[in-house]
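Listed below, chain by chain, are the residues.
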Amino acid sequence: MNESGENILEMDSLSETKLEGDTEIEMGMEVVYSQEFLPTYETIPEGASVPKVEKVEFNGKSDSLFFNDGVRRIDFVLVYEDEDMKETDKNRTFQKRKQRREYFEASLMKMGMELEAARSVVDEKLLFVKVHMPWDMLCTYAEVLHIKLPIQPNDLSTTSSPFNFLSCITKHFYPSEDLIAKETEYFTAPFEKDRLEYFYVKDRDLFFTPSMRSRMAYYILSRAPYEVRENIKKFGVTKLLDGGVYKAAYPLHDCRFNVRSKEDECPNERYLLYNEWAHPKSFYKMQPLDLIRKYYGEKIGIYFAWLGFYTAMLALAAIVGLGCFIYGYTTQETSTWSKEVCDPLIGGNIVMCPQCDKECTYWRLNSTCESSKKLCIFDNYGTLVFAVFMAIWVTVFLEFWKRYQAELEYEWDTVEFLEQEEQPRPEYEAKCNHDRINPVTRVKEKVPYTACGRCIRVSLGIGTVLFWIVLILASVVAIIVYRLAVFFSFSTRLQSDLKELEPFKEYVTAQMATSVTASIISFVVIMVLNILYERVAIWITDFELPRTRTDYENSLTLKMFLFQFVNYYSSCFYIAFAKGKVVGYPGQPVYLLGKYRNEECDPGGCLIELTTQLTIIMGGKAIWNNIQEVLLPWMKNLIFRYCTRVGSEKVIPRWEQDYQLQHIGKLGLFYEYLEMVIQFGFVTLFVASFPLAPVLALVNNLFEIRVDAWKIITQFRRMVPEKAQDIGAWQPILQGVAILAVASNAMIIAFTSDMIPRLVYYWSFSVYPYGDHSSHTMQGYINNTLSVFDIQDFSNKSRPLQTPYWFNNSTTCRYRDFRYPPGHHRQYEYSIYYWHVIAAKMAFIIVVEHIVYLTKFVLSYVIPDVPYTVREQIKREKYLSQVILHETNLKLVTKRLKPFGDKILKQNEDKEEEIMDLYF
């Protein structure tokens, strides 16, 4: 910035109150909007008088979507508090806000928009500015934003479904066609103002849908200037909202959600969506996706399309998972190894070694009878089949979603929604002060940073994300250390401290107290880190300055998901792959940090712990999210309506009814996607330990669809419609989770469950030369998998202080491992059984992974991403667009050449007449 520019900014900071978030451009650098971005842009000279918005009285029509004249449609609404009605009207901040607002509104009018203001019925301090875009302006910006509009009805025949004979049954599961008629299909092309006659315009008032009009209006509002001083330009309604100049900016709902509009021209789409989609009575119906897209835009439509498709695919996984669970439940009583644990003559006579130093004592194996039965429900051969099934299911889900997404891309005109068609964000344009040559057009353009600057910004973002991930891992380690340290403290003092609470004494054990307190601390840490990291991630993404809105959301999505992935899954990965794996043996336990003895798995094994953890996280998270999404917006709206209640005799206009609703926030659907993708991870990554995960997910999603629909229709203002071709960065994230799920489930079966040791015993160690049985059997498995330890080999640090009354004169105890017994020349070293099991586990992982990955590759290759019919329709549409372009160019050339042709023709006629005169 030049010297004068610095002086101006310095004066601004010293002499004027600068509103938060001002976007500034140095006009000396010619960083202004080109004709491509703002064709009607004109700056009002500094110091010039600005026109004021016309103020009118409310005409009493509560459902009206038009100006008072009943002709001009309201495309957007701006809300502000009148500074002249305040007692502090002489405050410089309020005066500055007023000047900026007046300049901003004058800029809008100079650019061609029409404005009309009306005072609030409820609060006379509030004023509502209604924004209207005339026809010529709509045509201009439809071309700027490359909006695709119909050129002719679709003349390709549609293939009839082979299941049409079931329509008499299936029609009850679809929205009523009498209320929501099926839309006519058209071939579309990017709008061009000069070729208007080739577009299918039946009615100018209906040619651009309300969502298109709102999108174009918001595009202009985001780029209109609100202050120009010498060579500094400030612009954008977003900055005015942040600075308090405006209190809200939103497009209108077309009617109340539960009452039809009294206006004849109102389509009542909100009312239809509520009754056929969001109302609890419609929970069994398919979603009216075309109407959702028409009303809210493609971005909202693609989210609900994905959520509905994901939920439908979960139905199959839920059925198989439920079958696996039922199989495990019915066979738990017939499991040989579970019977041995519960048998008083086998499990009752096996004395187990203490699981911690000094304070823990000996215990009998049959005390884990119930947990071993529960383990049989999840740790069986059906789980292995289900894990392989889920690996294939997730591939089929993603491939068929690509096909369905391709159909929606064509139907919703987002096939060619390319990067060059998406306009830059205002924040990006405001910082463009470096020159570069566009690699595509070879034309000089302005960019906000050099290649080195971009590298620095990206590196800072990556470094910040890695720092916070390390911080999460450090918190996990700290909680593990807390569990190890406090367990011994509770073991020593808890029973004596609770001696007065005799009824609760037997229930409050050291293990339970440790688990509960650690869970509470973990929850607090997760919530605090979530709040802090969200702000840091947004700040880093803003600093990176992505060019388009899609780039911005993709960058933020990747940062947030990496953090949430570690935050939510770290405890599950710890239980599955770390806990109880490196514990040593009773005479030589392994200590963390040289002080804390490593945790061992519960007597029932770590798999049952992982199952419990997943049940609590998935169930609790689903219940909490649904309560939060329903209750919080409802309570906020209820409180707002109570604080601004008016007499029943007053009629509240449509724009003021919408103002009383909640604002959906800048991140929009980000948290909805994040919630579902985290759930997708639980369903796929750890399904080998919890076959009921798809069932819980299915039940949750059936509620989630209707809760989200109810929320955005009844509790939130109408969102600004946005274009979206797909689900963005969530697609590669889902693919990454699917790939990781194969390895994760294979390792859970291999290292967390007891399936591989049981198979090794059945096929190798139950018969000669290692076993005494004549045929393959599971009898003797428990005794074979528990190693023997001589209690004389306890160190003074770990020797138990007390022994139970039934211990008698026992000299040995047992522990879960595969080691040689005392007295063996390699005592307490790993036995041959251990190495057989390790080899079998590694072989299992390699074989299963290769088979599943090969199957996934074949399915990905066989299933095309774009259906054949969609490809044909895309080709037909491109052909029609080329024909229109050719005919237009031909007419233009003909029109331009016609004067020259007429002149040449006249000259030829004159020559012929001269020749004829000479001849005669």
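Residues numbered from 1 in each chain as written. Predicted model: local features only at pLDDT ≥ 70, side-chain atom pairs only at ≥ 80, totals over all residues. Heavy atoms only, no water.

Looking at an unreviewed UniProt entry, the chain carries the name Anoctamin, with the source organism given as Salvelinus namaycush. The UniProt entry for the chain carries this comment under Sequence similarities (unreviewed entry): "Belongs to the anoctamin family." (UniProt positions renumbered as here; feature names shortened; annotations may be inferred.)

Here we come to the UniProt feature "transmembrane region" (unreviewed entry) in the chain. The UniProt entry lists residues 303-329, 381-401, 465-490, 510-533, 556-577, 676-699, 727-751 and 832-854 under the feature "transmembrane region" (unreviewed entry), expressed in the numbering used here. Spanning residues 303-329, this segment combines 100% helix with 0% strand, and its end C-alpha atoms are found 37 Å apart. In residues 381-401, the share of helix is 100% and the share of strand is 0%. The end C-alpha atoms are 30 Å apart. (Helix = DSSP H or I, 4+ residues; strand = E, 2+ residues; numbered from the N terminus.)

Contact geometry of helix H18 (residues 549-577) with helix H23 (residues 730-752) gives a least axis separation of 13 Å together with a crossing angle of 10°. Our classification of the angle between H18 and H23 gives roughly parallel. Across the interface between the two elements, Thr557, Phe561, Phe565, Phe573, Ala576 and Phe577 from H18 touch Trp730, Ile733, Val737, Leu740, Ser744, Met747, Ile748 and Thr752 from H23. For the contact of H18 with H23, the residue count by class is 11 nonpolar, three polar and no charged. (Axes fitted to C-alpha atoms, helices over the stretch in contact; angles between N-to-C directions. Parallel < 35°, antiparallel > 145°, perpendicular 65-115°, else oblique. Contact = heavy atoms within 4.5 Å. Nonpolar A, V, L, I, M, F, W, Y, C, P; charged D, E, K, R; others polar.)

So, on to the sheet that holds strand E10 (residues 248-250). Spatial strand order, E2-E4-E5-E3-E10: five strands in an open sheet with mixed pairing. Each of the sheet's edge strands pairs with one partner strand only, and the pair in question is strand E2 (55-56) and E10. Its contacts with the sheet put helix H2 (residues 92-110) on strand E3 (76-81), strand E4 (114-119) and strand E5 (126-132), and the angle it makes with E3 is roughly 160°. Of the strands in this sheet, E3 and E5 are in contact with helix H6 (residues 210-221), which crosses E3 at around 45°. (Pairing = 2+ DSSP bridges.)

Once that is clear, we can look at the packing of aromatic side chains. One pass over the structure, following the stated rule, counts 63 aromatic pairs. Relative to tyrosine 218, the ring of phenylalanine 76 lies with its centre 5.9 Å away and its plane at 25°, an arrangement referred to as stacked. Of this pair, phenylalanine 76 sits in strand E3 while tyrosine 218 is found in helix H6, placing the two residues 142 residues apart along the sequence. When the centroid spacing of 5.3 Å and the interplanar angle of 35° are considered together, the rings of phenylalanine 789 and tyrosine 828 count as tilted. Of this pair, phenylalanine 789 sits in strand E19 (residues 786-790) while tyrosine 828 sits in the loop between strand E20 (812-816) and helix H26 (832-862), and the two are 39 residues apart along the sequence. With relative accessibility at 0%, the residue phenylalanine 789 sits in the buried group. (Phe/Tyr/Trp six-rings, centres within 6.5 Å; stacked < 30°, edge-to-face > 60°. Buried < 20%, exposed > 50% of the residue type's maximum accessible area, 1.4 Å probe, protein only.)

Following the criterion strictly, the structure yields 27 salt bridges and no others. Two residues, lysine 723 and glutamate 298, come together in a salt bridge whose shortest N-O distance is 3.7 Å. Of this pair, lysine 723 sits in the loop between helix H22 (693-715) and H23 while glutamate 298 sits in helix H10 (residues 298-331), and the two are 425 residues apart along the sequence. As a salt-bridge pair, arginine 819 and aspartate 817 come within 2.9 Å of each other at their nearest N and O atoms. Side by side, arginine 819 and aspartate 817 carry an identical accessibility label, which is buried. (Salt bridge = Lys/Arg side-chain N within 4 Å of Asp/Glu carboxyl O.)

Here we come to helix H8 (residues 269-278). Because each turn of an α-helix spans 3.6 residues, side chains separated by three or four positions in sequence point in the same direction. For H8, the buried fraction is high: 10 of the 10 residues fall into the buried class. Buried residues of H8: Glu269, Arg270, Tyr271, Leu272, Leu273, Tyr274, Asn275, Glu276, Trp277 and Ala278, and no others. Among the structural elements, helix H9 (289-296), H10, helix H20 (654-659) and H22 are those in contact with the buried residues of H8.

This part takes up the packing of H18 against helix H21 (residues 670-685). Across the interface, H18 lies against H21 with an axial gap of 11 Å and an inter-helix angle of 40°. As judged from the angle between their axes, H18 and H21 are oblique. The hand of the H18/H21 crossing is right-handed. Between H18 and H21, the contacting residues are Leu556, Thr557, Met560, Phe561, Gln564, Phe565, Tyr568, Tyr569 and Cys572 on the first element and Phe670, Leu674, Val677, Ile678, Gly681, Phe682 and Leu685 on the second. (Left-handed = near helix turned anticlockwise from the far one by under 90°.)

Bringing the environment of aspartate 75 into the picture now. Looking at the secondary structure, you find aspartate 75 in the loop between E2 and E3. Residue classification places aspartate 75 among the buried residues on the basis of a relative accessible area of 2%. Measuring from C-alpha to C-alpha, the distance between aspartate 75 and leucine 252 comes to 7.4 Å, with 177 residues separating the pair along the chain. With sequence-adjacent residues up to four places away left out, aspartate 75 is seen in contact with Val131, His132, Met133, Arg213, Ser214, Ala217 and Pro251.

As used here, a disulfide is simply a covalent bond connecting the sulfur atoms of two cysteines. In the structure shown here, the tally under the stated rule is three disulfides. Two residues share a disulfide in this structure: cysteine 342 and cysteine 369, whose sulfurs sit 2.0 Å from each other. Across the S-S bond of cysteine 342 and cysteine 369 the torsion is about 100°, and the bridge reads as right-handed. Taken together, the residues span a long stretch of sequence, with cysteine 342 in helix H11 (residues 336-342) and cysteine 369 in helix H12 (residues 369-378) at a distance of 27 residues. The buried category is assigned to cysteine 369, whose relative accessible area is 13%. The residue that forms a disulfide with cysteine 353 is cysteine 813, at a sulfur-sulfur distance of 1.9 Å. A torsion of 95° about the S-S bond marks the disulfide between cysteine 353 and cysteine 813 as right-handed. Here cysteine 353, found in the loop between strand E11 (351-352) and strand E12 (363-364), pairs with cysteine 813, found in strand E20; they are 460 residues apart in sequence, far enough to count as distant. (Disulfide = S-S within 2.5 Å.)

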